[in-house]
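# A structural walkthrough
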Amino acid sequence: MNRKYFGTDGIRGKVGMAPITPDFVMRLGYAAGKVLAQNDGSGGTRPTVLIGKDTRISGYMLEAALEAGFAAAGVDVMLCGPMPTPAVAYLTRALRLSAGVVISASHNPYDDNGIKFFSAQGNKLPDDVELAIEAELERPMQCVSSDHLGKAQRLRDANGRYIEFCKSTFPTELDLRGLKIVVDCAHGAAYAIAPNVFHELGAEVIAIGHQPNGLNINDKAGATAPDALAMAVRANHADLGIALDGDADRLLMVDRYGKIYNGDQLLYLMVMDRLAIGPVPGAVGTLMTNMAVEVALKKLGIGFVRAKVGDRYVLEQMQERGWQLGGEGSGHLLCLDKHTTGDGIVSALQVLSALRRSEKSLDQCFESLTLFPQVLINVKVAPGFDWQKNEKTLLEIERVESELGNRGRVLIRASGTEPLVRVMVEADDGDLAGACARRLADCIVPAAA
């Protein structure tokens with residue numbers, strides 16, 4: 001069955017436009033509450049959900065709507081206010097709640113928002129539960145009797161609980177004393193949490209992007225705009241910088257010289273650190289993961305698998321193989337022996353523990369890894385154009401792949417939102433990658449005319 005509302009990361013859209021409207025979100029809360037009440041194994045007691053949010057101004061409105069919907073379904077609610085997405089996953093599991101809900105559009109601008117759910121185990125909801133919620137949404141919304149209405153309360157120690165959890169993922173024999181770290185919170189959900197985590201582990205912390213006003217989340221700050229962090233690291237003569245996104249599930253890092261390191265590189269570093277401790281059977285990347293990472297890991301006998309783009313698909317591949325490490329270039333990194341979901345703060349702590357164990361700086365850790373140049377060309381096409389039916393393109397792909405051999409690869413995919421075909425070629429030589437990408441782009445254009 002195809003989902004009508006749920007995408008790969010919950011339900012998301014422009015605030016005030018369907019489905020991100022107060023009436024729909026209230027009905028969503030009711031539908032989710034009905035499904036949770038049916039599936040809940042709490043021994044006859046009323047199911048309870050935790051609601052967290054990022055710092056968007058629309059979070060107040062959507063939080064109230066969700067709370068009303070759950071109450072109408074007879075589900076109790078705990079509110080924790082601004083809280084990273086992975087924190088809601090952790091707290092839901094730690095408090096033995098029925099589910100967790102996050103009001104966030106992650107790295108999107110402030111006028112977008114979304115709703116995502118976590119199961120009682122801190123995982124994203126299974127497909128069958130999402131489909132059951134969608135089916136319930138098609139039925140009229142009702143209301144339980146007054147004596148069965150849900151109640152709401154605030155979880156007042158949520159920040160402290162989550163800070164302690166994050167610190168517990170860092171080796172007890174290590175600390176961050178002597179490090180000066182700039183932390184960019186993207187004016188998002190981690191603004192009151194992330195600086196404290198690193199400070200309490202001993203680092204000197206300089207916080208930026210930590211003054212949310214409801215409208216500035218991800219605005220020229222955080223993991224989607226790391227240049228601000230790079231400038232702050234250089235200006236403060238810091239040892240490194242940490243950039244989170246609006247809901248703190250993404251991580252990018254900056255070295256002392258202001259060089260930015262993406263999720264592909266950080267995944268490689270985490271694998272190398274684990275390998276120094278014991279065997280690592282494999283890691284999961286995506287179709288977009290830089291080929292240099294794959295080549296480097298395979299040379300060491302470490303398995304590498306590419307999932308579809310999206311941390312949901314990375315997680316599926318990791319669980320299928322029983323592997324602990326995976327991630328995307330965008331900064332979604334998963335360490336399943338530390339957390340059930342991607343967590344920017346926890347991932348940063350894994351990188352920092354690698355630096356401490358190796359006694360190297362961030363830039364020194366990447367001296368053995370040079371990313372392959374990637375050339376991406378967006379080709380405008382006619383609506384509905386299917387590049388896979390273009391024989392000329394398919395023949396050119398064969399020629400290019402033959403020329404590249406083990407030196408590079410080709411990835412061509414249609415945009416899901418625009419009439420574009422994205423042509424990506426990467427190779428160990430930038431000129432070669434560029435020439436091959438242009439050849440492929442040129443053979444697509446005539447077919448689109």
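### Digging into unusual backbone geometry
- In this structure, the amide linkage connecting alanine 18 to the following residue, proline 19, adopts the cis form with an omega of 5°.
- In the Ramachandran plot, lysine 220 falls in the positive-phi region, its phi being about 55° despite a non-glycine side chain.
- Position of lysine 220 relative to the elements: it lies in the loop between β8 (204–208) and α7 (227–235).
- With phi around 60°, glutamate 359 is a residue other than glycine that occupies positive phi space.
- Following the sequence through the fold, glutamate 359 ends up in the loop between α11 (344–358) and α12 (362–365).

### Brief notes about the nonpolar core
- Counting 69 residues, the largest nonpolar core has Leu176, Ile181, Phe198, Ile242, Ile345, Leu349 and Leu352 as the members making the most contacts within it.
- Among the elements that line this core, the one with the most residues is α11, at 8 residues.
- Apart from the residues lying within four places of it in its own chain, the contact partners of leucine 349 are Cys166, Lys167, Thr169, Phe170, Val197, Phe198 and Leu201.
- Counting residues in each nonpolar core, the second largest holds 31 residues, with Phe70, Val77, Leu79 and Val129 among its members.

### Focus on empty space enclosed by the protein
- A complete count under the given rule lists 4 cavities of 30 Å³ or more for this structure.
- The calculated volume of the largest cavity comes to roughly 60 Å³.
- Lining of the largest cavity is provided by Phe6, Thr8, Asp9, Gly10, Lys116, Phe117, Lys124, Leu125, Glu130 and Arg312.
- Partitioning the lining of the largest cavity into residue classes produces 3 nonpolar, 2 polar and 5 charged.
- Of the pockets and cavities examined, the second largest cavity occupies roughly 50 Å³.
- The wall of the second largest cavity is formed by Asp9, Thr85, Lys116, Phe118, Lys124, Asp249, Asp311, Thr341 and Gly342.
- Its residues assigned to classes, the lining of the second largest cavity shows 1 nonpolar, 3 polar and 5 charged.

Rules and cut-offs
- In this convention, every chain numbers its residues from 1, walking through the sequence in written order.
- Per-residue local features are limited, in this predicted model, to residues with pLDDT of at least 70; the limit for side-chain atom pairs, both in listing and counting, is 80 or more; totals at the level of whole chains, interfaces and linings are taken over all residues.
- The basis for every side-chain value is the complete set of non-hydrogen atoms in the structure, without hydrogens or water.
- By the criteria applied, helices consist of DSSP H or I runs no shorter than four residues and strands consist of E runs no shorter than two, each listed in order from the N terminus.
- Only buried Ala, Val, Leu, Ile, Met, Phe, Trp, Tyr and Cys residues count toward a nonpolar core, and they belong to the same one when joined by side-chain atoms within 4.5 Å.
- In this scheme, a residue with accessible area under 20% of its type's maximum is buried, one over 50% is exposed, and one in between is partly exposed, where area comes from a 1.4 Å probe on protein chains only.
- Should any heavy atoms of two residues lie within 4.5 Å, those residues are considered in contact.
- As defined here, a cavity is a set of points on a 1 Å grid over the protein atoms alone where a 1.4 Å probe fits but cannot get out. A pocket is an open set with protein on both sides within 12 Å along at least five of seven lines, and residues line them when an atom is within 4 Å of a point.
- Grid points are joined across faces, edges and corners, and a volume is the space filled by probe spheres set on the points.
- Under this grouping Gly is polar, as are all residues other than the nonpolar Ala, Val, Leu, Ile, Met, Phe, Trp, Tyr, Cys and Pro and the charged Asp, Glu, Lys and Arg.

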